[in-house]
Structure formats: C-alpha cells, structure tokens
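# Fold and geometry: a report
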Amino acid sequence: MTDPQHTPSASPTPGPASAAPSGPARRRARSFTFLVTLSLLAALLAGGFAALGTWQVYRRAWKLDLIERVDQRVHAPAVAAPGKDRWPDVNKADDEYRHVEVRGQFKHDSESFVQAVTEVGSGFWVMTPLLRDDGTTVLINRGFVSPERRDRTTRGAEPSGDVAVTGLLRITEPKGGFLRDNDPANDRWFSRDVQAIAAARGLANVAPYFIDAAATPPGPNGERSWPVAGLTVIHFPNSHLVYALTWYGLMLMVIFAAWYVARDERRLRQQQEPLTLRANGEREDAPLSD
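A few points on the structure. (Residues numbered from 1 in each chain as written. Predicted model: local features only at pLDDT ≥ 70, side-chain atom pairs only at ≥ 80, totals over all residues. Heavy atoms only, no water.)

### Remarks on the packing of aromatic side chains
According to the stated counting rule, one finds five aromatic pairs in the structure shown. Plain terms: the ring middles of Trp-125 and Phe-144 are 6.5 Å apart, the flat faces sit at 85° to each other, and that makes the pair edge-to-face. Taken together, the residues span a long stretch of sequence, with Trp-125 in strand S4 (residues 122-131) and Phe-144 in strand S5 (residues 137-145) at a distance of 19 residues. Comparing Trp-125 with Phe-144 shows no difference in burial state: the two are buried. The cationic tip of Arg-142 hangs over the ring face of Phe-106; the distance from NZ or CZ to the ring centre is 5.5 Å. Against the face of Phe-124 rests Arg-150, its NZ or CZ located 4.8 Å from the ring centre. (Phe/Tyr/Trp six-rings, centres within 6.5 Å; stacked < 30°, edge-to-face > 60°. Helix = DSSP H or I, 4+ residues; strand = E, 2+ residues; numbered from the N terminus. Buried < 20%, exposed > 50% of the residue type's maximum accessible area, 1.4 Å probe, protein only. Lys NZ or Arg CZ within 6 Å of the ring centre and 35° of its normal.)

### Some points on the pattern of salt bridges
Using the criterion set out here, one finds 12 salt bridges in the structure. Its salt-bridge partner being Asp-162, residue Arg-103 comes within 2.9 Å of it at the nearest N-O pair. Of this pair, Arg-103 sits in strand S2 (residues 99-106) while Asp-162 sits in the loop between S5 and strand S6 (163-171), placing them 59 residues apart in sequence. Of the residues examined, Arg-103 reaches a relative accessible area of 46% and is grouped as partly exposed. On the accessibility criterion, Asp-162 (41% relative accessible area) is partly exposed. Residue Arg-170 is joined to Asp-212 by a salt bridge in which the shortest nitrogen-to-oxygen separation is 2.8 Å. Taken together, the residues Arg-170 in strand S6 and Asp-212 in strand S9 (residues 206-213) connect sequence positions 42 residues apart. By sharing partners, the salt bridges in this structure join Glu-96, Arg-170, Glu-173, Arg-192 and Asp-212 into a single network. (Salt bridge = Lys/Arg side-chain N within 4 Å of Asp/Glu carboxyl O.)

### Quick look at a nonpolar patch on the surface
Together, Phe-34, Leu-38, Leu-41 and Leu-45 make up a nonpolar patch on the protein surface, roughly 330 Å² of accessible area in all. Secondary-structure assignment places Leu-38 in helix H1 (residues 32-75). Since its relative accessible area comes to 32%, Leu-38 is described here as partly exposed. (Patch = residues over 30% accessible without salt bridge, like charges linked within 9 Å, V, L, I, M, F, W, Y side chains within 5 Å. Areas by Shrake-Rupley, 256 points an atom, 1.4 Å probe, with all protein chains shown as cover.)

### Examining unusual backbone geometry
Residue Trp-226 is joined to Pro-227 through a cis peptide bond whose omega torsion reads -5°. Locating Pro-227 in the fold gives a position in the loop between S9 and helix H4 (240-285). Despite not being glycine, Tyr-97 shows a phi value in the positive range, around 70°. Inspection of the secondary structure puts Tyr-97 in the loop between helix H2 (92-95) and S2. The phi dihedral of Lys-175 falls on the positive side, at around 80°, and the residue is not glycine.

No statement about biological role is implied by the geometric values presented.
This is the structure:
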C-alpha cells in the first residue's frame with residue numbers, strides 16, 4: 001500500500017535560473033574619448049618614427065659624401081702641410097686624412113710612445129718631433145713598433161739631417177683612449193694628444209695636428225723596417241640605411257595597428273547598432289503602468 005502521508009514529490013520544473021550558461025559577454029565599442037586619445041598617440045608615434053627614418057636618410061647621404069671627400073684627399077697628390085698662419089683654420093671636417101708633405105729634422109731624443117693595437121700586433125706608435133726651418137714643430141707618427149723594438153738601437157739606422165716626410169694629416173686626440181686617460185707624469189700615453197705630448201717634452205710652436213707617415217719600402221732582402229709606417233686605418237661606420245629601415249618599419253607597424261583597431265571598432269559598432277535600435281523599440285512598445 002501506498003502511504004498517503006508520503007506521496008512522491010514531482011520533479012521541479014527547470015526555470016530560467018537553471019538554463020545553460022550563456023557564452024562570454026560581447027565586448028562593447030570603445031568610447032569616443034578613448035579612440036581620439038589612441039588616434040593622437042598613434043599619429044605622434046608614426047610621425048616621430050617617420051622623422052627619425054628621414055633623419056637617418058640624410059645622415060647616410062652626409063656619410064657617403066664624407067667618405068668620398070676623404071677618399072679624394074687620401075689619393076690626391078701631396079700638398080704642403082699647413083703652416084703656422086693656417087693652424088687656427090685646421091679642422092677635422094676639412095683637413096683630416098689630407099695627403100701632405102713636410103720637411104725638417106727629426107728630434108729622436110724627444111720621441112714618445114703611444115699604446116697601439118694594429119694588424120702587426122700590440123705595441124706602440126712612435127711619435128717623433130720634426131723641427132721645420134721656420135722654427136715650428138710637427139709631430140710625426142713614424143709608425144708602429146713592438147715592445148721589443150722600443151729601444152732605438154734595435155730598429156736600425158734612423159733618418160738624420162733634412163728629410164721630407166709624406167703622409168696623412170691627422171687631428172689631435174686629446175685626453176686619452178677608451179676608459180684610459182693619458183698619464184704624462186709617468187710617460188704613459190693612450191692617445192696621440194699633440195698638446196699634452198708637446199708640453200711633456202718641452203716643445204714650443206707645435207702644430208695642432210700630427211702626420212701619419214706613409215709606408216716605407218722593405219729592405220733589400222724583404223725585411224721589415226722599423227717603425228712600421230703606413231698603418232693608418234680609414235673606416236667610417238655606415239649603418240644609416242639599416243637604422244632608416246628600422247624606423248620606417250616601426251612607423252608602418254603603428255599605422256597597421258591603428259588601421260586594425262579602426263576596422264575592429266567599425267565592425268563592433270555595425271553589430272551593436274541593430275541591437276540598440278531593437279532595445280529602443282521594445283522600450284517604446286512596453287505598456288505604461290497605471
């Protein structure tokens with residue numbers, strides 16, 4: 001028998017609360033203020049990257065012109081080195097690596113050694129004063145010597161009397177090398193600082209430049225002459241095209257990102273417009289409460 005006090009209860013009818021969960025909420029279009037701010041930021045970034053890329057294009061043109069002018073100076077016939085009346089006008093842009101010639105007498109007892117790393121090895125540049133007939137002095141970088149050839153007696157015969165030196169005009173290198181300061185008190189030199197070397201050696205009327213002596217022919221048996229001259233390295237880094245392409249690439253990335261955001265916003269607004277119109281219509285059709 002069935003117990004009247006214990007009738008089976010009916011299963012509850014699933015209501016709205018038990019319905020299957022809906023998918024993730026759809027993102028709404030961004031506000032007008034946000035889009036204006038984003039557009040201004042994109043325009044500033046794109047304009048800045050474009051300006052940097054254009055600046056690198058101009059820098060590349062300047063660098064190519066500099067390389068061409070220096071190449072012409074190096075291979076031009078030697079001209080007289082600037083005299084004292086021209087010293088104030090000597091500058092890096094117009095005169096460095098100019099092929100020059102100078103005459104005078106070497107003062108070998110006043111030479112200085114500047115630390116150097118060359119294709120021959122590690123050692124020193126030999127900086128020797130050349131006294132000219134007008135009483136002025138020009139420092140000549142006679143070339144490279146290894147530590148074993150630092151002593152003058154190990155290098156063979158030295159040029160004496162009136163000599164003519166041809167080479168490339170170089171601008172003084174003040175203060176020192178990378179992370180190393182010159183130490184005149186201990187006669188340690190890491191750069192070819194003309195004024196400091198002249199002061200340490202008690203030289204007067206010294207030109208504000210020095211000359212890298214041209215290479216000398218080998219001896220009769222092909223032996224190397226010391227110091228080894230003609231080791232000037234002329235190299236101008238020219239990566240401006242790579243930099244320009246990098247900046248222009250960043251500009252295009254910003255433009256693409258701005259276009260993508262604009263397209264996405266337009267799609268969202270087109271999708272939400274019918275929903276908004278429908279919601280407004282439903283509110284208008286709703287009965288007014290008493």
